[in-house]
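Architecture and fold: a report
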Amino acid sequence: MKKTLAELAEHVHGMVVGDGEIAITAVAGLDEAREGEITFLANPKYRPKLRQTKASAVIVPPNIDLPGLNLLKVPNPYLAFARVLTLFSQKYHPPVGIHETCHVGEDVTIGKQCAIDANVSIGNNVRIGERTVVYSGVVIGDHVTIGSDVVLYPNVSLLQDVSLGNRVIIHSGTVVGSDGFGFAPVDGSYYKIPQIGTIVIDDDVEIGANVAIDRATLGETHIHKGVKIDNLVQIAHNVVIGEHSVVVSQVGISGSTRVGKHVTLAGQVGLVGHIQIGDSVVIGAQSGVTKSVPEKSVLSGSPAVEQRAWKKSQIALQKLPETLKTLRAMEQRIRELEEQVRALVGSDAESRD
Amino acid sequence: MKKTLAELAEHVHGMVVGDGEIAITAVAGLDEAREGEITFLANPKYRPKLRQTKASAVIVPPNIDLPGLNLLKVPNPYLAFARVLTLFSQKYHPPVGIHETCHVGEDVTIGKQCAIDANVSIGNNVRIGERTVVYSGVVIGDHVTIGSDVVLYPNVSLLQDVSLGNRVIIHSGTVVGSDGFGFAPVDGSYYKIPQIGTIVIDDDVEIGANVAIDRATLGETHIHKGVKIDNLVQIAHNVVIGEHSVVVSQVGISGSTRVGKHVTLAGQVGLVGHIQIGDSVVIGAQSGVTKSVPEKSVLSGSPAVEQRAWKKSQIALQKLPETLKTLRAMEQRIRELEEQVRALVGSDAESRD
Amino acid sequence: MKKTLAELAEHVHGMVVGDGEIAITAVAGLDEAREGEITFLANPKYRPKLRQTKASAVIVPPNIDLPGLNLLKVPNPYLAFARVLTLFSQKYHPPVGIHETCHVGEDVTIGKQCAIDANVSIGNNVRIGERTVVYSGVVIGDHVTIGSDVVLYPNVSLLQDVSLGNRVIIHSGTVVGSDGFGFAPVDGSYYKIPQIGTIVIDDDVEIGANVAIDRATLGETHIHKGVKIDNLVQIAHNVVIGEHSVVVSQVGISGSTRVGKHVTLAGQVGLVGHIQIGDSVVIGAQSGVTKSVPEKSVLSGSPAVEQRAWKKSQIALQKLPETLKTLRAMEQRIRELEEQVRALVGSDAESRD
């Protein structure tokens, strides 16, 4: 693939400063870019690096100027970079068609231009939209519905009854539809509560590798439109995640918890069950949330509290050993004061006798 | 499936108050239940919701009465709900038989009424009991023994020599028998210690999705009867977990640690290696346990301490920034007292001259 | 397999004290070893157990003597144990050859003596070295390069373009090459940043079960020679891990972070993105590292600080509720002193009148 800088500018609605006719064949990082490649500057702190770059062009915000460099000016360089990268990127998706080694059950509908690779298993009563790509080793259970333009990477497991919207991407090893973790205690052991609910995953959701999403006990576990889930995340039964929320790697969300829209859960966060996380909440990495959280809150810590308060108490905690020494010294000073005052009181009484 | 309320009452050894002849066709949550469905009230705090329910019947504890509603009274409503749900639940397990796309090794014995789905790989010298269900993509290594009424969900990996009891359930993506993480340091690099032990999983154990259980270095990793393990849990080599213990999602148990019976490890807990966790211990979410724990202890925190002490120190920690201010004020007051007392002592001495 | 103690001594460059002609057929732990087996003593605290052992021989450090026991003396008993265990250990690897149920793409080169088991999928333009073992259910994407003497356990997924060195071991369920987690925010939703980089895994790396390693956005994610990674670890895009570092279970490393050589990250540690961890750093379990760390540091806590300081502040934290009581008592004592001093000052002034 080869594009002129002017063509790329048109693609991202940007403005060229420099040579618009220069040919671009690839995208690279600021440090690695070579002749023929385009790079980008999103973070102003890396601006000094521009002087050393060997890139043929740089995507920059409008306020950057650097004579001698071909610039592509856009309001949002990171987004423009992503759009240019999409132009140049290439996945070797399996070829269109159903590979002869696949097992396909009864009453299965597969739309036009789908690519179903080797050793895929598809159950009965399955519906798949158009242009969907299913890699090797994927297992699709009975009564599963999958939209169009979906990509299921190798060894994904979709269990019975689950439903995926359009443009959903699921990375390798991820499980959608394992049983929720529910048991009724009885006489010192546990009786399994059947998990007969399902999972609904809306359009434009992306789910990382080796994630586990449990089906609902009754009703549905629901991941709303545009949610992005990183690797190794645990989502328990009957959880709901609102539109365009971001769930970073190794987060665990316990049963029946409802996460709002535009929420960010940073890495390794844990949420207890049966709570509500309001819209636009941000939870810091490794935090443990034990109560419902109002919208727009920013929390950290385990147990999680308002982030500013958490930072102050962490700073205070670092000083605590020193503080205890001060405290012991203060106690000694009080003791001495008490002795001196006792003496003074005695002397005063005496002098008044 | 359709049952009368009286039939359900007989099934769970309960008592009908209201119309025993009413037909029930499904189970649903308190909020979602419609006509023809049965729901349940286990937690008294949801009692006010009973007035709005559209359910045809409600499973309740004996002390609940609500004229106009058909009630099924039982001592343990949650268990009765689970039992009724089991009656109505339906898994579309693969059909009995061995699918033609499976690979089955030499000297393999598969009991009556087993269902082995498409693209399953079974090694040599494998024994499988009766009525066991193996979903697509499962890989069973050499010399593996599997009991009766076991369910292995898609893409489970059982490595060589491991042994599963009866009624074991393993969810998708889980690995039983990866090598323990053992290396001998030598000249700045590591020499792999072969992991030649095995794993024994007893009857009625359930294991979630994308769990990893390592084989022993020597001897065995052992999960005792009735243990329930949630998704994404790590169990290292030579770990032993006692009967009817519960291990919640994303817990990590390090090598050679022994967990007692009826223990609860909440989400994201970490246990160091070579320690003993006594029977009936409860460890709070995200705790890090660094020492052996006597039976019936309740611990929280990282490092974990007795839960009440942990709660007190967490509350104190929240107050710490304010406390430091008080402390600085107290120091100032002591300084002032010292000055005043010094003056008084001087004055007293003077007056005695 | 049967070896005399003298043969084993030659194999590990050790010295026999006792009967070198005794036959050894297996290796076992100190408590479990029976006649015909060899065991080892690496930790001197278990020395009293030697009196009860039924083992036919014991691997010990040079300073241990115990008349009546056959000893194999070596400077590093743990390493010698590992070497003897390697002699006696046995994996039932699949037989050499390509199983007829495999799917092999176009332009694939597979070296001599490889064993490719049932239901393996290999894409196009793949290179595999000699004596490499690929278990069932493994999926290998297009343009993947794999060295010699590699072992890929069941249901591993290697996505397009990734590259593995020689003697790499990857346990079941692990994903190498999922997309990095990168999105550009735009109008309240997210635009996917294509992840077109790759992953390079050098010689002698071992990776546990159900690990996720993301491909780079641009460039490469790089795991250097001899690194050992435990189960359920998350490694984000563009991460670099230096030679012979150890990453324990459930660690999460965020994007673009560079980990040095000989580093140890204990269980459940989290590292934020874009930081540098110096060589020979040790991070304690469950720590959260938020800043770059100089070489040889030992850190703990979340946020992580120097381990000694962390231990002190944790001890101080345990005492904090008691400290607050002391503080309140001190305040009372100061108040009393202030009253007494006020009285004394008044009296003193009076007496001077």
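Along every chain, residues carry numbers that run from 1 in the direction the sequence is written. By the order in which they are written, chains take letters starting at A while ligands take numbers starting at 1. Under the rules for a predicted model, residues below a pLDDT of 70 receive no local features and side-chain atom pairs below 80 are neither given nor counted, while totals for whole chains, interfaces and linings still include all residues.

Focus on the overall build of chain A
Comment: elements are numbered from the N terminus, with helices defined as DSSP H or I runs of at least four residues and strands as E runs of at least two. In terms of regular secondary structure, chain A is built from 3 helices and 40 strands. What the globule rule says is 2.2 Å times the number of residues to the power 0.38, and the radius of gyration is computed from C-alpha atoms. The C-alpha atoms of chain A give 30 Å as radius of gyration, which overshoots the globular expectation for 353 residues (20 Å, by more than 25%). Overall, the C-alpha framework of chain A stretches about 115 × 75 × 30 Å when taken along its three principal axes. In this description, a residue-residue contact is defined by the distance between C-beta atoms placed from the backbone, which must lie within 7 Å. Taking all contacts inside chain A whose residues are at least 6 apart in sequence as the whole, residues at least 24 apart take part in 19%.

Some points on the sheet that holds strand 16 (residues 145-146) of chain A
Residues and elements named next belong to chain A. Within the open sheet, the 9 strands sit side by side as 10-13-16-19-24-27-30-33-36. Their pairing is parallel. Looking at strand neighbours, the two that pair on one side only are strand 10 (109-110) and strand 36 (276-277), the edges of this open sheet. By this definition, two strands are paired if DSSP reports at least two bridges between them. Strand direction decides the pairing type here: strand 33 (residues 258-259) and strand 36, joined by 2 bridges, are parallel. By the bridge assignment for strand 36, Val259 is matched with Ile277.

A closer look at the packing of helix 1 (residues 5-12) of chain B against helix 2 (residues 77-88) of chain B
Residues and elements named next belong to chain B. In this analysis an axis means a line fitted to C-alpha atoms, helices contributing only their contacting stretch, and an angle means the value between N-to-C directions, from 0 to 180 degrees. It is at 10 Å that the axes of helix 1 and helix 2 come closest, and there the two elements cross at 120 degrees. The way helix 1 lies across helix 2 gives a crossing that is right-handed. Residues Leu8, His11 and Val12 of helix 1 touch helix 2, and the partners they reach there are Ala80, Arg83, Val84 and Leu87. Residues are grouped as follows: nonpolar covers Ala, Val, Leu, Ile, Met, Phe, Trp, Tyr, Cys and Pro; charged covers Asp, Glu, Lys and Arg; every other residue, Gly included, is treated as polar. Partitioning the contact of helix 1 with helix 2 into residue classes produces 5 nonpolar, 1 polar and 1 charged. Rotating anticlockwise by less than a right angle from the far helix to the near helix defines a left-handed crossing, while the corresponding clockwise rotation defines a right-handed one.

Looking at the interface of chain C and chain B
Each partner contributes residues to the interface: chain C has 59 residues there, and chain B has 57 residues. Contributing elements (two or more residues each) for the side of chain C that touches chain B: helix 2 (77-88) and helix 3 (307-352) of chain C. Broken down by element, the side of chain C that touches chain B gets its largest block of residues, 17 residues, from helix 3 of chain C. Here the residues of the side of chain C that touches chain B sort into 25 nonpolar, 25 polar and 9 charged.

What about the interface of chain A and chain C?
Contacts between the two partners involve 59 residues from chain A and, on the opposite side, 58 residues from chain C. Elements supplying a minimum of two residues to the side of chain A that touches chain C: helix 2 (77-88) and helix 3 (307-352) of chain A. By residue number, the principal contributor to the side of chain A that touches chain C is helix 3 of chain A, which donates 17 residues. Of the residues that constitute the side of chain A that touches chain C, the class distribution is 25 nonpolar, 25 polar and 9 charged.

Topic: unusual backbone geometry
Most peptide bonds are trans, and most residues other than glycine sit at a negative phi. With an omega of 5 degrees, the peptide bond running from Ser302 of chain A to Pro303 of chain A counts as cis. One non-glycine residue, Lys296 of chain A, adopts positive backbone phi at about 65 degrees. Within the fold, Lys296 of chain A resides in the loop between strand 38 (288-289) and strand 39 (298-300). Labels follow a simple rule on C-beta atoms placed from the backbone: if 20 or more others lie within 10 Å of a residue's own, it is buried; if 12 or fewer, it is exposed; otherwise it is partly exposed. Take Lys296 of chain A: there are 12 C-beta atoms within 10 Å of it, and that puts it in the exposed class. Residue Asp204 of chain B is not a glycine yet carries a positive backbone phi of 65 degrees. Here Asp204 of chain B lies in the loop between strand 24 (198-201) and strand 25 (206-207). Assessed through the 22 C-beta atoms surrounding it within 10 Å, Asp204 of chain B is described here as buried.

Quick word on the relation of the copies chain A and chain C
Of the two same-sequence chains, chain A is brought onto chain C (RMSD 0.3 Å, axial shift 0.1 Å) by a rotation of 120 degrees. Taken together, the rotation and translation relating the two chain copies correspond to the operation of a three-fold axis. We superpose the copies by least squares over the C-alpha atoms of residues that have a pLDDT of at least 70 in both of them.

A short note on the pairing of strand 21 (residues 175-178) of chain C
Residue and element names in this part refer to chain C. Pairing between strand 18 (residues 157-158) and strand 21: 2 bridges, direction parallel. Bridge pairing in strand 21 places Ser157 opposite Val175. When strand 21 meets strand 26 (residues 212-214), the two strands line up parallel, connected through 3 bridges. The partner of Ser178 across the bridge, within strand 26, is Asp214.

Considering the sheet that holds strand 28 (residues 228-229) of chain C
Residue and element names in this part refer to chain C. Read across the sheet, 12 strands follow the order 8-11-14-17-20-25-28-31-34-37-39-40 without closing on themselves; strand pairing throughout is mixed. Each edge of the sheet is formed by a strand with only one pairing partner; in this case those strands are strand 8 (97-98) and strand 40 (305-306). Two strands pair when backbone bridges link them, and strand 25 (residues 206-207) and strand 28 are joined in this way by 2 bridges, in the parallel orientation. Bridge assignment links Glu206 to a residue of strand 28, and that residue is Lys228.

Here's the deal with helix 1 (residues 5-12) of chain A
All names here are of chain A. Looking only at helix 1, the buried set comprises Leu5, Leu8 and Ala9. Buried positions in helix 1, seen along its axis, are confined to an arc of 105 degrees and lie on one side of it. Note on helix 1: the residue one or two positions beyond its end, His13, has a positive phi of about 55 degrees. Here, the arc refers to the directions that run from the helix axis to the C-beta atoms.

Points about the environment of Ile275 of chain A
All names here are of chain A. Mapping Ile275 onto the fold places it in the loop between strand 35 (270-271) and strand 36. Residue classification places Ile275 among the partly exposed positions, given that 17 C-beta atoms sit within 10 Å. Between the C-alpha atom of Ile275 and that of Val289, which follows or precedes it by 14 residues, the distance is 9.0 Å. The residues contacting Ile275, other than those within four sequence positions of it, are Thr257, Val289, Lys291 and Ser292.

Here we look at helix 2 of chain B
Residues that lie three or four places apart on an α-helix share one face, since the helix turns once every 3.6 residues. For a helix, the expected span equals 1.5 Å multiplied by the number of residues minus one. If you check helix 2 of chain B, its first and last C-alpha atoms are 16 Å apart, about what 12 residues at 1.5 Å a residue would give, namely 16 Å. Summarising burial for helix 2 of chain B: 9 of the 12 residues are buried, a large majority. For helix 2 of chain B, the full list of buried residues reads Pro77, Tyr78, Leu79, Ala80, Phe81, Ala82, Arg83, Val84 and Leu85 of chain B. At its buried positions, helix 2 of chain B is contacted by strand 22 (183-186) and strand 23 (189-192) of chain A together with helix 1, strand 4 (26-27), strand 5 (37-40) and strand 6 (57-60) of chain B.

A few points about the nonpolar core
Each nonpolar core reported here comprises buried Ala, Val, Leu, Ile, Met, Phe, Trp, Tyr and Cys residues connected via C-beta atoms within 7 Å. With 198 residues, the main nonpolar core has Leu152 of chain A, Leu152 of chain B together with Leu152 of chain C as its most contacted residues. Apart from residues no more than four positions distant in its own chain, Leu152 of chain B is found in contact with Val134, Tyr135, Val138 and Ile170 of chain B.

Looking at the environment of Val251 of chain A
Residue and element names in this part refer to chain A. Position of Val251 relative to the elements: it lies in the loop between strand 31 (246-247) and strand 32 (252-253). Here Val251 falls in the buried class, since 29 other C-beta atoms lie within 10 Å of it. When the C-alpha atoms of Val251 and Asn231 are compared, they prove to be 8.9 Å apart, with 20 residues separating the residues in sequence. Excluding residues that lie within four positions of it along the chain, Val251 makes contacts with Val233, Leu265, Gln268 and Val269.

A short note on the confidence of the model for chain A
Values of pLDDT, which run from 0 to 100, indicate the predictor's confidence residue by residue. Scored by pLDDT, chain A comes out at a mean of 95, with 99% of its residues at no less than 70. Across the assembled chains, the prediction reports ipTM 0.95 with pTM 0.96.

A few points about the domain arrangement of chain A
Residue ranges for the domains originate in an automatic or database domain assignment. Splitting chain A by domain gives domain 1 (3-88), domain 2 (156-303) and domain 3 (312-353). Between the C-alpha centres of domain 2 of chain A and domain 3 of chain A there is a distance of 54 Å.

Some details on the pairing of strand 6 (residues 57-60) of chain A
Residues and elements named next belong to chain A. Side chains Ala57 and Ile59 of strand 6 all project onto a buried face; the interleaved residues Val58 and Val60 project onto the opposite face, where all are buried too. Both strand 5 (residues 37-40) and strand 6 contribute to a ladder of 3 bridges, which runs parallel. Across the sheet, Thr39 pairs through a bridge with Val58, a residue of strand 6. Pairing of strand 6 with strand 7 (residues 71-73) involves 3 bridges; the strand directions are parallel. Note that in strand 7 the partner of Val60 across the bridge is Lys73.

Some details on the environment of His99 of chain A
Residues and elements named next belong to chain A. Summarising the element assignment, His99 is placed in the loop between strand 8 (97-98) and strand 9 (103-104). His99 sits in the partly exposed class, given 17 other C-beta atoms within 10 Å. For the pair His99 and Ala115, spaced 16 residues apart in sequence, the C-alpha to C-alpha distance is 8.2 Å. With residues up to four places along the chain from it excluded, the contact list for His99 reads Ile116, Asp117 and Ala118.

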